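# Reading the structure
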Amino acid sequence: MSTRRTAAVSKTSPNRKALMALAILVLTLIADVAAFAAGQRSEVSSPQGDITLALAIDAADPGTIYAGTLWNGVAKTTDGGASWRPTGLAHTSIFALVIDPTHRATLYAGGNGVYKSTDGGATWTAVDGDLTELNATFSLVFDPTNPATLYAATSYGSVFKTIDGGTAWTAVDSGLPAHYTYSLVMDPAHPTTLYAGTYEGVFMTVNGGRRWTRVSSGLAEPSVNALVIDPVHPATLYAGTSRGVFKTLDGGRSWAAAGSGLGDVSVSTLTIDPVSPATLYAVGGGVVFQSTDSGASWTALGSGMGAAFVNVLAVDPSHPARIYAGTSGGIYRSADGGASWTAGL
């Protein structure tokens, strides 16, 4: 049985940029709903035929995947997507999912609050009691050396941190903008170093969130929708913006546009191949793009997905050519690095 709560709304009114960011999010969801109503539902076998906004693959058992949806909470498959079933968290929108790297039955879901399950999704508990200004949770990140430590990027209150698995949360947002942190990534070699993608650029902390510094020199567009970090060379990061992808080789001190083939498309999602990090995937305007040369060039993919609007991607860490796409009409899978996609799994 799931526990639901209504999060408090910030008493501070968002500024114009924050309102624009919220409008973009709402328009994206409206586009998804329109595609859904236009007939996508009948094309795929998906979590309740719903719009999929988040995906998490169990690295120890890649056939187990969790999907966060717009209407029906979290769904789960244990057979690589051949069949799905609802979990104990339903009737809510989920934007982020993470699995505890040491206790695989423990996972967190970010939506209108933060929810935790310790039994593989069978039951959930709201664990956002201290997030007094929370509106929506866009990103969740574990400390791999201490999974009781978790960071949450939110629309109000920026970034929160727990060191006890969600029992208590503390705001760690000194130096961050007041609203709309869309993405968080952590340096895998130095877990106190994190980067935040916000509507005012990229910010960096080297002390676990106690202080953030803006590291956005060279970004042509300040609003950063997505971030990924190279797992082998963590000074290399990629930022998805409303004007394409930008890349840094020096931990954010300087950024430059990443290659050709994308143009000024608004990039909402970035995913990196965990085995071959020169391969990246970006979603722009609902279309999947691939780079196999560390962002120097990009090619549009998507054969087999029809008019489905792609919201999120997940790469199978045991078979990186296997990719899952969460769309306006459920989930598609590719077995060849995105060259072709299969509906209905």
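Here goes a summary of the coordinates provided. What you see is a predicted model, and the numbers here were worked out from it, not measured in a lab.

### A few points about the overall build of the chain
Assigned secondary structure in the chain consists of one helix and 28 strands. When the 345 residues of the chain are sorted by exposure, 56% land in the buried category. Look at the contacts in the chain between residues 6 or more apart in sequence, and 43% of them connect residues 24 or more apart. By element, 55% of the accessible surface of the chain is carried by carbon and sulfur atoms, the whole surface being about 13200 Å².

### Overview of the sheet that holds strand E27 (residues 330–334)
With antiparallel pairing, the four strands of this open sheet are ordered in space as E25-E26-E27-E28. Sheet topology places strand E25 (310–315) and strand E28 (342–343) at the edges, where each strand pairs with a single neighbour.

### Notes on unusual backbone geometry
Even without glycine at this site, His91 takes up a positive phi of about 60°. Mapped onto the fold, His91 is located in the loop between strand E4 (85–86) and strand E5 (94–99). Looking at His91, the relative accessible area reads 57%, which means it is exposed. Look at Ser294: it is not a glycine, yet its phi comes out positive at around 60°.

### Remarks on the sheet that holds strand E8 (residues 125–126)
Strand order in the open sheet formed by four strands is E5-E6-E7-E8, and the pairing between neighbours is antiparallel. Bordering the open sheet on either side are E5 and E8, each of which pairs with just one other strand. Taken together, the five bridges between strand E6 (residues 107–111) and strand E7 (residues 113–117) define a ladder with antiparallel strand orientation. What sits directly across from Leu107, in E7, is Ser117.

### Points about the pattern of salt bridges
For side chains bearing opposite charge, pairing can occur when the charged atoms are close. Counting across every chain of the model gives two salt bridges. Note that Asp58 and Arg104 form a salt bridge whose closest N and O atoms lie 3.0 Å from each other. Highlighted residues: Asp58 in the loop between strand E1 (52–57) and strand E2 (65–69) and Arg104 in the loop between E5 and E6, separated in sequence by 46 residues. Here Asp58 falls in the buried class, since its relative accessible area comes to 8%.

Conventions we followed
Residues numbered from 1 in each chain as written. Predicted model: local features only at pLDDT ≥ 70, side-chain atom pairs only at ≥ 80, totals over all residues. Heavy atoms only, no water. Helix = DSSP H or I, 4+ residues; strand = E, 2+ residues; numbered from the N terminus. Buried < 20%, exposed > 50% of the residue type's maximum accessible area, 1.4 Å probe, protein only. Contact = heavy atoms within 4.5 Å. Areas by Shrake-Rupley, 256 points an atom, 1.4 Å probe, with all protein chains shown as cover. Pairing = 2+ DSSP bridges. Salt bridge = Lys/Arg side-chain N within 4 Å of Asp/Glu carboxyl O.

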